[in-house]
Amino acid sequence: MASRYKFVPIADFRGGRNATDNPMDLAPNQVMQARNGDVHRTSGFRKRGGATAPAIGSAFTSVISSLIAHTPANNLANAELWGVDAAATPIVGRMAGATTFSAVTMADAITPATDSSFVRGASYNGKLFLVFNSAVNRLHCWDPTLATPKVRRAGLATPSAVTVANTGAGTYAATQRWYRQRDRIKNGSVIVAQSEASASTAFTPSGTGTAARVTRVTTASDAEVTHWMLEASDDNVTFYELAETAVGTTTYDDSAAVSSYSSGTISAVTGTYTVPGSWRYIKAAFNRLFGLGNWESGQPQSRLWFTPGAGTADRGDDERIPDTTNTNNWRDLDEGTGGDGTGFAGPINGALYVFKYSQIWKVVPTEAPGNPIDAVDITKVKGALQQEAITEGLDAEGRPVIYFVDPQVGPCVLGSSGPRDIGRGVRDLWDDVNLAAATKVADCVFYAAKGAKGQVWFGWATGSAAEPDIMAIYDVETGGWSAWDTGGRIRLHRAMVLFARTPGASMSRDVVPYVSDQGFNNRLIRCDTTDLNDNATTFQATVKTAPLVLNEGKPFSVGTPFVFAEAASGVTLTVTLDVDFGRVTRTGTVLLTADGSETHVFRRVEGLESGDQARAIQLEIGDAAAAANAWSFNRFFVPITLEDIGP
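First, a word on scope: everything that follows refers to the structure included in this document. Computed from a predicted structure; not experimentally measured.

## Looking at the packing of aromatic side chains
- Applying the stated criterion across every chain yields a total of 19 aromatic pairs.
- Between W430 and W460, the aromatic rings sit 5.3 Å apart at their centres with planes inclined by 80 degrees, giving edge-to-face as the arrangement. Of this pair, W430 sits in helix α1 (residues 427-430) while W460 is found in strand β36 (residues 455-460), placing the two residues 30 residues apart along the sequence.
- For W430, a relative accessible area of 3% puts it in the buried group.
- Among the aromatic residues, those joined into a cluster by ring pairs are Y403, F446, F458, Y474 and W481.
- Over the aromatic face of F539 sits the side chain of R48, whose NZ or CZ is 3.6 Å from the ring centroid.
- One residue, R303, lies across the ring of W330, its end atom 3.8 Å from the ring centre.

In structure tokens:
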């Protein structure tokens, strides 16, 4: 019986982990396990970067539950990071031109506090529009133009009817007329927001006065009002703008002839300035704001609302939803079927995508005056769990796509060819998802800074966890997966967002993932740093190859393998040889310290020789236990003796 001896390289792990399929069915470049690492710029496997908890001040008193990146002027240097904690009365904090958060004033509190994990935002027109559950059915926005900036209600409530009385002594004509009031917020000459008109008040002067004195009614719920507009009519049908007055003056004396009213600007049709409601989801696209769903019970949960295009009236266009006889700025997307709305993505390739629990809709502008938005469903068999589980990104060819988490199959991608499942490599982990997680089921971000094509970080809750306790990393260029499912703190997060790697007076342009630590109050973690642990919490990284069958199922023997890796001073890795799926295991170690100035090292792994005949082998390399170190492994060289059995 003859034998043949050769070195077999195990050199390409870029296909990523696949613990779902039968081990013998794995692709040549897939691995059984890839834990706490990735294949960034290597065909082997490297331990992931660490994380640190920067000092962020003391604004928050509980776990940070929502994170929002706000870019007020399309300049990343001026970016702001917003957070919401889970205090009994949730605190909303703002990091702007600084490294710490400051609490902001809220017109309405987030209530109940358990919904602090679902505060969402959209940057538009210099404001940050916020959607959250509160005691009122209103959209909210951060308005930096106010004398004292705060998060106020978007739009303005309809004021009560004015009161009118005679004033002075004279001969002002006793002609019946009608008056009504609108409130405004103005910044200089710009009308930031405007209300619907109040109910009209009929008045006939006595004929012995000099004017009709109109007194405005103060609306306590909209304390930001700066001006009020008096409108007048001679028939209680068509109204005209009569006079704009600063709120410091509460009366206006009308001594004009009723016949002159029509020379003024005609008033807006009733319904033009309908206030936006308490949406669940929000997105800026096509020079508009879009809202989806509503926090109020009894409201449509698959209705898409949208503001007029910017500049339509130049009067608070971003804070109104026209709902008139001829114009309805909303569309129902299969209300009552396919689950409720769950979020937005885009625009990509000229379209905004609206997700429901098991439907996806494509929304495009039409430029038709009576029908500015067209919506068509593209699938009724896939959807997204929630807004946090949807992110825009790029595919392997650099084309814009949407990554999302479908409630049934987990990670998916939506591109020009439609939605498809990409999560087979982590399906075993997805099978344990907790779809009933009370705090947050899943989230994801596209992290482009990891390379030309980047990574997608997916998190989800498993078992009985109420929020994510696992992170699965998808390499866009290779399609491979790794799992961060044990150790460290990044996986144990409540909120995740991309923000400036270096915050400060001028925010850095490069962005990295930040997560809030679900186990600590007021803790924000900056990810992918050069730290060797997650803010002092160590983690273990390992990778295990797919089965290697070298002799057509006939026996072979294994000599002493070599490891090729980057030199790393003081780092010792454990290598395990697994023969025939656990029938025999042998363990050795390698020290990656350089002998001189070399950048890479070859190391023999003593003690792994297989005295028994093997039909399949697997090799695992990594930390023996959680450790504070960094390493990058490139490949194995395995000496094999193949036995020739018979002719």
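## Quick word on the sheet that holds strand β13 (residues 140-143)
- A sheet is described by the order of its strands in space; here 4 strands give the open sequence β11-β12-β13-β14, paired in antiparallel fashion. With partners counted over all chains shown, the strands left at the sheet margins are β11 (120-124) and β14 (150-153), one partner each. Within this sheet the neighbouring strands show an average axis-to-axis angle of 30 degrees, counted without direction.
- Taken together, the 3 bridges between strand β12 (residues 127-131) and β13 define a ladder with antiparallel strand orientation. Across the sheet, F129 pairs through a bridge with C141, a residue of β13.

## Quick notes on the layout of surface pockets
- By volume, the second largest pocket amounts to about 430 Å³.
- Along the walls of the second largest pocket sit 26 residues, with P308, T312, R320, P322 and T327 positioned nearest its centre.
- A per-class count over the lining of the second largest pocket returns 10 nonpolar, 11 polar and 5 charged.

## Describing the nonpolar core
- By size, the foremost hydrophobic cluster in this structure holds 36 residues, and its most contacted members are V563, V575, L592, I617 and F636.
- Elements with a contribution of two residues or more to this core: β1 (3-10), β3 (30-35), β43 (556-558), β44 (562-566), β45 (572-579), β46 (584-591), β49 (617-622) and β50 (632-643).
- Top element by residues in this core is β50. It accounts for 5 residues.
- When near neighbours in sequence (up to four residues on either side) are disregarded, V563 contacts V575, V590, V601, F602, R603, V605, I621, F633, R635 and F636.
- Formed by 30 residues, the second largest nonpolar core is a distinct cluster that contains F60, L67, A500 and I525.

## Re the pattern of salt bridges
- Evaluated as defined, the whole model comprises 39 salt bridges.
- Of the charged contacts in the structure, one is a salt bridge between D38 and R46, with a shortest N-O distance of 2.7 Å. As far as burial versus exposure is concerned, D38 and R46 are alike and both buried.
- Close ionic contact of E244 with K186 constitutes a salt bridge, the shortest N to O distance being 2.9 Å. With a gap of 58 residues between them, E244 in strand β21 (residues 240-246) and K186 in strand β16 (residues 177-187) connect regions that are remote in the sequence.

## Some thoughts on the environment of N36
- In this structure, N36 sits in the loop between β3 and β4 (37-38).
- In the structure, N36 is positioned 446 residues away from S482 in sequence and 7.1 Å away in space, judged by C-alpha atoms.
- Setting aside chain neighbours within four positions, we find N36 in contact with F45, R46, K47, R48, A483, W484, T486, F539, Q540 and A541.
- Separated by 2.8 Å, the side chain of N36 and the backbone oxygen of T486 make a polar contact.
- At 2.8 Å, the side chain of N36 and the backbone oxygen of Q540 are in polar contact.

Calculation rules
- Residues numbered from 1 in each chain as written.
- Predicted model: local features only at pLDDT ≥ 70, side-chain atom pairs only at ≥ 80, totals over all residues.
- Heavy atoms only, no water.
- Phe/Tyr/Trp six-rings, centres within 6.5 Å; stacked < 30°, edge-to-face > 60°.
- Helix = DSSP H or I, 4+ residues; strand = E, 2+ residues; numbered from the N terminus.
- Buried < 20%, exposed > 50% of the residue type's maximum accessible area, 1.4 Å probe, protein only.
- Lys NZ or Arg CZ within 6 Å of the ring centre and 35° of its normal.
- Pairing = 2+ DSSP bridges.
- Axes fitted to C-alpha atoms, helices over the stretch in contact; angles between N-to-C directions.
- 1 Å grid on protein atoms, 1.4 Å probe; cavity = no way out; pocket = protein on both sides within 12 Å on 5 of 7 lines; lining within 4 Å.
- Points joined across faces, edges and corners; volume = space filled by probe spheres on them.
- Nonpolar A, V, L, I, M, F, W, Y, C, P; charged D, E, K, R; others polar.
- Core = buried A, V, L, I, M, F, W, Y, C linked by side-chain atoms within 4.5 Å.
- Contact = heavy atoms within 4.5 Å.
- Salt bridge = Lys/Arg side-chain N within 4 Å of Asp/Glu carboxyl O.
- Polar contact = N/O pair within 3.5 Å; in protein donor to acceptor, adjacent residues only side chain to side chain.

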